[in-house]
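Architecture at a glance
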Amino acid sequence: MTIRKAARFIFVARRFMLDKYNILTVTHRQTNLKEIGNFFIEDNSVKGIVTLAESIKSKFNISELMYLATCNRVMFFYYQNDLIDPEQISTDFFHLVNNKLASLNGSLSKHVEIYKGEKAIEHLFEVASSIDSMVLGEREIFRQLREAYKFSNTNGLCGDKIRIAMQVAVKAGKQVYDATKIGEKPVSIVSLAFKELMNLNPKKTSRVLIIGAGQTNQLAAKFFKKYQFTNFTVFNRTESKAKSLATMLDGDKYSLEELNSYKGGFDILFVCTGATTSIIKEKEYKQLLQDDKDKKIVIDLAIPGNVDQAVIDSNDLHYIEVSSLKQLAKENMSFREKEISKVKVILEKERHEFKQLFKRREIERSLSFIPQEIKAIKEKALSEVFAKDLATLDDKTLSLINEMMTYMEKKCVAVPMKTAKKLTD
Ligand SMILES: NC(=O)c1ccc[n+]([C@@H]2O[C@H](COP(=O)([O-])OP(=O)(O)OC[C@H]3O[C@@H](n4cnc5c(N)ncnc54)[C@H](OP(=O)(O)O)[C@@H]3O)[C@@H](O)[C@H]2O)c1
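Residues numbered from 1 in each chain as written. Predicted model: local features only at pLDDT ≥ 70, side-chain atom pairs only at ≥ 80, totals over all residues. Heavy atoms only, no water.

1. Some words on the site of the ligand
Neighbouring the ligand are 19 residues; Q215, T216, N236, T238 and G274 lie closest to it. In this structure, G214 approaches the ligand through a main-chain N or O atom, which is 3.3 Å from an oxygen atom. A distance of 3.5 Å separates an oxygen atom of the ligand from a polar side-chain atom of K241. Out of a free accessible area of 910 Å², the ligand has 68% covered by protein chains. Looking at the shell around the ligand residue by residue, the classes come out as nine nonpolar, eight polar and two charged. (Near = heavy atom within 4 Å. Polar contact = N/O pair within 3.5 Å; in protein donor to acceptor, adjacent residues only side chain to side chain. Areas by Shrake-Rupley, 256 points an atom, 1.4 Å probe, with all protein chains shown as cover. Nonpolar A, V, L, I, M, F, W, Y, C, P; charged D, E, K, R; others polar.)

What follows is the structure, encoded as structure tokens:
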């Protein structure tokens, strides 16, 4: 590259800055969670994702692409070679992503959110810091975003442009989780229930009965494992699902009807099913108790509750129920919401830093030919222009001249790089 070309490059880089960054995304805000999977890359094997991503890159002249898919978000973060308005390509883009979307046609745009240029960077940082999440302050998205980058990077889908954006996004995310209270105070009903449970100091060897094997109970099972409980029995309407949860917990499994004949006793009863009437009435509770007089712990997270009110009123038990937990979750969420303004200050600062970094990288790239040119000038001076004169010198003088030339070379290379830094500071 010549000096003129470099100067033009710098001019263009400064003028368009971040305009070639874009995000096409489908999130919990505009799309029902059950439908979000339709926007995932259809073949989700490594090969399937990479092949599809490569064909998207080639079709839309995209130089770098990163793909993130979670249960409440699909995001394509990309850097384009040409300035193409993402609005023009979003429908074709998603038709390539998943065949199921062909039938949506006109309504596809209702689902897809588009962020261009600096707004794309702003959105990326908001995702990293969880303020765009369904559950504000959940750190899981930060891990998922970094995994998505690692995947796209190791599979050759992205390069320097996405690398520097992610570098600053990760820095911003870390700062947000360290310097604000956005992730403090639990807001998930299940984690709040376990907080209450652990306050009661139950023994790790407690006999735990789990009724239901749906999503809430699967999450609860992870908490039981985390807190090192060891003795589990699972009851569920569909026995195969009881079996898979029991296998995960290394426990026993039964159908729901077998509640009426179960004789194993219990210390902790965790109930959460989609049934709209009580599953545990006085008769079932008496059967489960087996005349045991010790105080029991009953956790009922179903809405409406699955444990009959009469059971709660007439037995000696610690009752952990969903409505008080929901209230606590609400309070904790408003606590987290108060942190958003602090998060935004951090993100604003990081966005500014990213712009500086981006400019500097562009200028450095445009000046990258300088070290080779200076080296070539030095070598020509030594091997051609001054070769005859140098041949008459003794070894000590020659060595000194070589050292001086290397010193000059280093200093000359540093001048434009320092100038580039000054231009962007
Ligand atoms: N606590 C929370 O944070 C929270 C969050 C979401 C939901 N909930 C409440 O938790 C309950 C379950 O939600 P989920 O997301 O875990 O549901 P899910 O994944 O759909 O699982 C539902 C479970 O309930 C069982 N079930 C459904 N209808 C039943 C019936 N009539 N009789 C007996 N068992 C029945 C299902 O059995 P099969 O396997 O046989 O289908 C399955 O085990 C709901 O009441 C929901 O409102 C609580």
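2. Topic: the pairing of strand β5 (residues 207–211)
Taken across its five residues, β5 has four buried, putting it largely inside the fold. Alignment of β5 against strand β6 (residues 231–236), held across five bridges, turns out to be parallel. Each bridged residue has a counterpart across the sheet, and for I210 the counterpart in β6 is V234. Examined bridge by bridge, β5 and strand β8 (residues 268–271) share four bridges and lie parallel to one another. Among the inter-strand pairings, I211 is bridged to a residue of β8, identified as V271. (Buried < 20%, exposed > 50% of the residue type's maximum accessible area, 1.4 Å probe, protein only. Helix = DSSP H or I, 4+ residues; strand = E, 2+ residues; numbered from the N terminus. Pairing = 2+ DSSP bridges.)

3. As for the sheet that holds strand β1 (residues 21–27)
On the basis of which strands lie adjacent, the open sheet formed by four strands has the order β2-β3-β1-β4 and antiparallel pairing. With one partner strand each, in any of the chains shown, β2 (62–70) and β4 (113–116) form the two edges of the open sheet. The mean inter-strand angle of the sheet, taken between neighbouring strand axes irrespective of direction, is 15°. Contacting β1, β2 and β3 (73–80), helix α8 (residues 160–179) runs over the sheet at an angle of about 45° to β2. (Axes fitted to C-alpha atoms, helices over the stretch in contact; angles between N-to-C directions. Contact = heavy atoms within 4.5 Å.)

4. Things to note about the packing of helix α9 (residues 189–199) against helix α10 (residues 215–226)
One can describe the packing of α9 onto α10 by two numbers: an axis separation of 10 Å at closest approach and a directional angle of 40°. In this view, α9 runs oblique relative to α10, as classed from their interaxial angle. As α9 runs across α10, the sense of the crossing is right-handed. Of the residues in α10, those in contact with V190, S191, F194 and L197 of α9 are T216, L219, A220, F223 and F224. (Parallel < 35°, antiparallel > 145°, perpendicular 65-115°, else oblique. Left-handed = near helix turned anticlockwise from the far one by under 90°.)

5. Describing the nonpolar core
With 42 residues, the main nonpolar core has Y21, F77, L124 and F354 as its most contacted residues. When contributions to this core are tallied by element, the ones reaching two or more residues are β1, β2, β3, α6 (118–128), α7 (140–154), α8 and α15 (340–366). In terms of residues, this core owes the most to one element, α8, which gives 10 residues. Discounting residues that sit within four places of it in the chain, F354 has contacts with L18, Y21, I121, F125, I164, A165 and V168. In terms of nonpolar packing, the next biggest core, distinct from the first, is built from 31 residues, V190, L192, L197 and V322 among them. (Core = buried A, V, L, I, M, F, W, Y, C linked by side-chain atoms within 4.5 Å.)

6. Some remarks on the pattern of salt bridges
By the definition in use, this model includes 28 salt bridges. The closest approach of N and O atoms between E350 and K171, which form a salt bridge, is 3.0 Å. One end of the pair, E350, is in helix α15; the other, K171, is in helix α8, with 179 residues separating them in the sequence. With a relative accessible area of 0%, E350 lands in the buried category. Between K296 and D267 there is a salt bridge, with its nearest N and O atoms 3.5 Å apart. A residue pair is termed long-range when its members are at least 10 positions apart, and K296 in strand β9 (residues 296–300) and D267 in the loop between β7 (252–255) and β8 qualify at 29 residues. Classification of K296 as buried rests on a relative accessible area of 1%. Among the ionic contacts, a cluster of salt bridges with common partners joins D160, K161, R163, R361, E362, E364 and R365. (Salt bridge = Lys/Arg side-chain N within 4 Å of Asp/Glu carboxyl O.)

7. Digging into the environment of K359
Mapping K359 onto the fold places it in helix α15. It is 7.1 Å that separates the C-alpha atoms of K359 and M17, two residues lying 342 residues apart in sequence.

8. A word on helix α12 (residues 282–289)
Restricting attention to buried positions, one finds in α12 the residues E284, Y285, Q287, L288 and L289. Against β5, β8, β9, α13 (309–314) and β10 (317–321) lie the buried residues of α12. Downstream of α12 by a residue or two, Q290 has a phi angle that is positive, lying close to 55°.

9. Some details on the packing of aromatic side chains
Between two aromatic rings, the relevant description is the distance of the centres plus the angle of the planes. Within the structure shown, the criterion is met by 25 aromatic pairs. Their ring planes at 55° and their centres at 5.7 Å tell us that F93 and F94 sit as a pair that is tilted. Given the relative accessible area of 0%, F94 is considered buried. Between F125 and F354 the ring centres are 6.4 Å apart and the planes differ by 75°, which places this aromatic pair in the edge-to-face class. Separated by 229 residues along the polypeptide, F125 in helix α6 and F354 in helix α15 bring together distant segments of the chain. Here F125 falls in the buried class, since its relative accessible area comes to 0%. Overall, the relative accessible area of 0% leaves F354 in the buried class. In this structure an aromatic cluster arises from ring pairing among F39, F60, Y67, F76, Y78, F93 and F94. We note K185 situated over the ring of F335; from NZ or CZ to the ring centre the distance is 4.8 Å. The ring centre of F229 lies 5.9 Å from the NZ or CZ of K204, which sits over that ring. (Phe/Tyr/Trp six-rings, centres within 6.5 Å; stacked < 30°, edge-to-face > 60°. Lys NZ or Arg CZ within 6 Å of the ring centre and 35° of its normal.)

Everything listed is a geometric property; what it means functionally is a separate question.
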